[in-house]
Amino acid sequence: MSYKIGVISDTHGLLREEVKEYLQGCDMIFHAGDINKISILNDLNNLATTYAVCGNADKELADILSITSVIKDIGINVLIIHNKKQIDVELTPYDLIIYGHSHKYEEKIIDGKTWLNPGSCGPRRFNLPITMAMLYVEDDGSFNIERIDIPHTGAKPDGEINAERIKEYLPAIIKDIDKGMAVGQISKKYHISDELSEQICRLYLTHPGVDADGIMSKMGI
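Quick look at the structure, then. Every value quoted in this text rests on a predicted model; they were computed, and no experiment measured them.

With mixed pairing, the five strands of this open sheet are ordered in space as 3-2-1-9-10. Since the sheet does not close on itself, it has two edges, and those belong to strand 3 (49–52) and strand 10 (143–150), each with one partner. Pairwise comparison of adjacent strand axes, ignoring direction, gives a mean angle of 25° for this sheet. One ladder, built from four bridges, connects strand 1 (residues 3–8) with strand 2 (residues 28–31); its direction is parallel. Within strand 2, the position partnered with I8 by the bridge is H31.

Rendered as structure tokens:
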């Protein structure tokens, strides 16, 4: 039996209509974490049976999702995890390792195994593309992966317009986050959008120990 499987990650509370259209007709869906809301998981399961793992931003789902998910009944063996740095199992049995976290699409072969990060198809992070993947598994156990880019319409993201200003103000923004300043207050003080302010706060709070350079790196600036 062949399978068509939608592979997504880092939706962060946003399930785009374009993504739902691509997922229509899939036999199943793999989600590599940072779902954020149980309503998103429910919507995905209404489209197709969804195998999802817990990401660092999935506090609401921590009681129902595990750190890893293993699928072995589709002709290939698949391991799904949010942060590949947390892998602590022997990888010999697996043909495909799916992960997320970085919001950056990546597809590579290491020691005969395919590693896939479908990127993020949730809120756009600065100038990073909005991506997902489609996995096709054939009857003979062979498989191939299709990268899907979701067109971005509307205004340019804040990171593309205001990168230099963000670099200048980010250390001060971090100090304000430590003081408990709310997203809206940060937006107003630094004249940035609520979406950008929320992204900075989320990255800082969900990556303990990250500094300004680390946040800028994760945002692709």
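From this point, the narrative continues.
Moving on to the sheet that holds strand 8 (residues 113–117). Pairing between the strands of a sheet comes from backbone hydrogen bonds, and it takes one of two forms, parallel or antiparallel. With mixed pairing, the five strands of this open sheet are ordered in space as 4-5-6-8-7. What marks the edges here is a single partner per strand, and that holds for strand 4 (68–71) and strand 7 (106–110). Strand-to-strand twist across the sheet, computed as the mean angle between neighbouring axes with direction ignored, equals 15°. In the sheet, strand 5 (residues 78–81) pairs with strand 6 (residues 96–98) via three bridges, with the strands oriented parallel. Its bridge partner being in strand 6, I80 is matched across the sheet by I98.

Criteria and thresholds
Residues numbered from 1 in each chain as written. Predicted model: local features only at pLDDT ≥ 70, side-chain atom pairs only at ≥ 80, totals over all residues. Heavy atoms only, no water. Pairing = 2+ DSSP bridges. Helix = DSSP H or I, 4+ residues; strand = E, 2+ residues; numbered from the N terminus. Axes fitted to C-alpha atoms, helices over the stretch in contact; angles between N-to-C directions.

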